[in-house]
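Letter by letter, the chains look like this.
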Amino acid sequence: MELQTFLVATLTAHIGFAIFIALHARFTDNEAGNWPLITLVFGLAGVAAYFFYDGETETDDLTGA
């Protein structure tokens with residue numbers, strides 16, 4: 001595969017992933033935050049992080065608030 005073809009395919013996929021993240025967040029009433037940008041830069045790793053990242057930490061649960 002030529003470098004130019006690879007770069008176009010990769011860019012196209014990452015743009016698609018970023019759009020998917022933004023649409024998913026919108027349809028599920030979640031805050032997308034920086035995840036579309038992260039996904040645009042890192043691709044599948046960004047998609048995985050969006051779905052598995054939990055913004056709460058264990059210390060948040062222990063505050064009793």
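Below, the structure is looked at part by part. (Residues numbered from 1 in each chain as written. Predicted model: local features only at pLDDT ≥ 70, side-chain atom pairs only at ≥ 80, totals over all residues. Heavy atoms only, no water.)

Residue pairs spaced three or four apart in an α-helix point in one direction, given the helix's 3.6 residues per turn. Buried residues of helix H3 (residues 44-52): Gly46, Val47 and Tyr50, and no others. Looking straight down H3, one finds its buried side chains confined to an arc of 100 degrees; they lie on one side. Projecting away from the buried face of H3 at angles above 90 degrees are the exposed residues Leu44 and Phe52. Those residues of H3 that are buried lie in contact with helix H1 (3-27) and helix H2 (35-42). (Buried < 20%, exposed > 50% of the residue type's maximum accessible area, 1.4 Å probe, protein only. Helix = DSSP H or I, 4+ residues; strand = E, 2+ residues; numbered from the N terminus. Arc of directions from axis to C-beta. Contact = heavy atoms within 4.5 Å.)

Looking now at the packing of H1 against H2. In contact at an axis separation of 8 Å, H1 and H2 are set at 160 degrees when each is read in the N-to-C sense. In terms of orientation, H1 lies roughly antiparallel with respect to H2. Read as a crossing pair, H1 and H2 show a hand that is right-handed. Counted together, His14, Ile15, Phe17, Ala18, Ile21 and Ala22 of H1 and Trp35, Pro36, Thr39, Leu40, Val41 and Phe42 of H2 form the full contact between these two elements. For the contact of H1 with H2, a count of residues per class yields 10 nonpolar, 2 polar and no charged. (Axes fitted to C-alpha atoms, helices over the stretch in contact; angles between N-to-C directions. Parallel < 35°, antiparallel > 145°, perpendicular 65-115°, else oblique. Left-handed = near helix turned anticlockwise from the far one by under 90°. Nonpolar A, V, L, I, M, F, W, Y, C, P; charged D, E, K, R; others polar.)

Moving on, we get to the nonpolar core. Side chains of nonpolar character tend, in soluble globular proteins, to be buried together. Counting 6 residues, the largest nonpolar core consists of Ile21, Ala25, Ala32, Trp35, Val47 and Tyr50. Sorting the residues of this core by element identifies H1 and H3 as the ones contributing at least two each. For isoleucine 21, the contacting residues outside a window of four places in its chain are Trp35, Pro36, Thr39, Val47, Tyr50 and Phe51. (Core = buried A, V, L, I, M, F, W, Y, C linked by side-chain atoms within 4.5 Å.)

Among the secondary structure elements, threonine 39 is positioned in helix H2. Judged by its relative accessible area of 0%, threonine 39 falls in the buried class. Apart from the residues within four sequence positions on either side, threonine 39 is in contact with His14, Phe17, Ala18, Ile21, Gly46 and Val47.

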